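Each chain, written out:
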Amino acid sequence: MAKGVTRDGVVAAALAVLDEHGIEAVTVRAVAAQLGVRAPALYYHVRSKQDLLDEMGTEINRRVVRALTGRPASGSWHDDLIAYARALRAEYLAHRDGARTFSGTLITDVDVLRAQEPWLRRWTAAGVPVADAADATDLVTAFVVGYVIEEQERAQSDPARYAPEERDQRVGGDAPLVARTGHARQTGEARFERQLEVLIAGIAAKLGPGPRR
């Protein structure tokens, strides 16, 4: 192990490269340069770009866990899923190409995995089978990933490209409802919450309402 090179330092450097240059620039060589060392100095911790991505994704999930730890247990899996969706989106948005970079990565910290246990105990105590709890979490994760990918792609491109007024001109005056959908997509945070509510309602139709406050 190279002196002074730590796993936390490697992850921090990788996130810095990501935020400055984007996912395509994240390589072992680039992270080593960020740390002022040669690539072999990182091999004790990571040996490939996938290793880097896994460690970065683990750190993001670790932060999500921290954001949710200590949150009052409401007795409702609805509220658990909503809190998780909001925390995950916030962490993805905090980094350039966040959703594209961190989705699908392998969690390498077993404590991050074990942090799910209290939620699963609460859900199963409320009558939700483990398989349904896993499906519900996966559905919310997939929604957040897809939503944020689209959100970040739009935010990182030319703002005028998605201007609703320019879209109105292309659509024409004889399709007013189509034009209105373009304006509805500009609502940002409110749109996320609206679509999340629809998703949770759909999951509830399958799993049941669960206990509420």
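Residues numbered from 1 in each chain as written. Predicted model: local features only at pLDDT ≥ 70, side-chain atom pairs only at ≥ 80, totals over all residues. Heavy atoms only, no water.

## Structural notes on the packing of helix α4 (residues 77-93) against helix α11 (residues 189-207)
As a reminder of what qualifies: Fitted lines through C-alpha atoms serve as axes, helices being fitted only where they are in contact, and the angles separating the N-to-C directions of these axes extend from 0 to 180 degrees. Runs of E in the DSSP output that reach at least two residues are strands. Runs of H or I that reach at least four are helices, and both are numbered from the N terminus. With the far helix as reference, a near helix turned anticlockwise by less than a right angle produces a left-handed crossing, and one turned clockwise produces a right-handed crossing. When checking whether two residues touch, look at their non-hydrogen atoms; a contact exists if any pair is within 4.5 Å. Basically, the charged four are Asp, Glu, Lys and Arg, the nonpolar ten are Ala, Val, Leu, Ile, Met, Phe, Trp, Tyr, Cys and Pro, and anything else, Gly included, counts as polar.
One can describe the packing of α4 onto α11 by two numbers: an axis separation of 11 Å at closest approach and a directional angle of 145°. The handedness of the crossing between α4 and α11 comes out as right-handed. Of the residues in α11, those in contact with W77, H78, L81, I82, A85, R86 and R89 of α4 are E189, F192, E193, L196, I200, I203, A204 and L207. When the residues that make up the contact of α4 with α11 are grouped by side-chain class, the tally is 10 nonpolar, 1 polar and 4 charged.

## Remarks on unusual backbone geometry
Filter applied, for reference: Relative accessible area decides the class of each residue, using a 1.4 Å probe on protein chains only: under 20% of the type maximum gives buried, over 50% gives exposed, and in between gives partly exposed.
With a phi close to 55°, D97 is a non-glycine residue in the positive phi region. Relative to the elements of secondary structure, D97 occurs in the loop between α4 and α5 (98-102). Overall, D97 belongs to the buried group, its relative accessible area being 6%.

## Topic: the UniProt feature "domain: HTH tetR-type" (unreviewed entry) in the protein chain
Formally: UniProt positions are given in the numbering used here, feature names are shortened, and annotations may be inferred rather than shown by experiment.
UniProt marks residues 4-64 with the feature "domain: HTH tetR-type" (unreviewed entry), using the numbering shown here. Split by type, residues 4-64 is 64% helix and 0% strand. Its first and last C-alpha atoms lie 27 Å apart.

## Section: the pattern of salt bridges
Close approach of charged atoms lets side chains of opposite charge pair. This is how it is decided: Salt-bridge detection follows one rule: a side-chain nitrogen of Lys or Arg within 4 Å of a carboxyl oxygen of Asp or Glu.
Applying the stated criterion across every chain yields a total of 16 salt bridges. In this structure, R89 and E189 form a salt bridge, with 3.0 Å as the shortest nitrogen-oxygen distance. You can see R89 sitting in helix α4 and its partner E189 sitting in helix α11, a full 100 residues away along the chain. Across the pair R154 and E150 runs a salt bridge, and its minimum N-O distance is 3.0 Å. On the criterion of helical spacing, the pair formed by R154 and E150 is a turn pair, its members being 4 residues apart in helix α8 (residues 130-155). You can call R154 partly exposed: its relative accessible area is 28%.

## Details of the UniProt feature "DNA-binding region" (unreviewed entry) in the protein chain
Using the residue numbers shown here, the UniProt feature "DNA-binding region" (unreviewed entry) corresponds to residues 27-46. Secondary structure across residues 27-46 comprises 40% helix and 0% strand; the distance between its end C-alpha atoms is 10 Å.

## Overview of the packing of α8 against α11
Selection rule: With respect to orientation, any angle under 35 degrees is reported as roughly parallel, any angle over 145 as roughly antiparallel, any angle of 65 to 115 as roughly perpendicular, and every other angle as oblique.
Contact geometry for α8 and α11: axes closest at 11 Å, N-to-C directions at 160°. Looking at the two axes, α8 sits roughly antiparallel to α11. As for the relative orientation of α8 and α11, their crossing is right-handed in sense. Seen from α8, the contacting residues are D132, A136, L139, V140, F143, V144 and Y147; seen from α11, they are R191, F192, Q195, L196, L199, I200, I203, K206 and L207. Partitioned by chemical class, the residues of the contact of α8 with α11 number 12 nonpolar, 1 polar and 3 charged.

## Observations concerning the packing of aromatic side chains
Test applied: Here a Phe, Tyr or Trp ring, Trp counted by its six-membered ring, pairs with any other such ring whose centre lies within 6.5 Å, and the pair is stacked when the planes are under 30 degrees apart, edge-to-face when over 60, and tilted otherwise.
For the structure on display, the rule yields 6 aromatic pairs. Where W119 meets W123, the ring centres are 6.5 Å apart and the plane angle is 25°; that geometry is what we call stacked. Taken as a pair, W119 and W123 lie in helix α7 (residues 117-125) at a separation of 4 residues, close to a single helical turn. The pair W119 / W123 is uniform in exposure class, with both members buried. Counting every residue linked through ring pairs, the aromatic cluster contains W77, W119 and W123.

## Here's the deal with helix α2 (residues 28-35)
Put simply, the rule is: Comment: arc refers to directions from the helix axis out to C-beta atoms.
Taken residue by residue, α2 has V28, V31 and A32 as its buried positions. Buried residues of α2 fall within an arc of 100° about the axis and therefore sit on the same side. Away from its buried face by more than 90 degrees, α2 exposes R29 and A33. On the buried face of α2, the contacting elements are α1 (7-21) and α3 (49-68).

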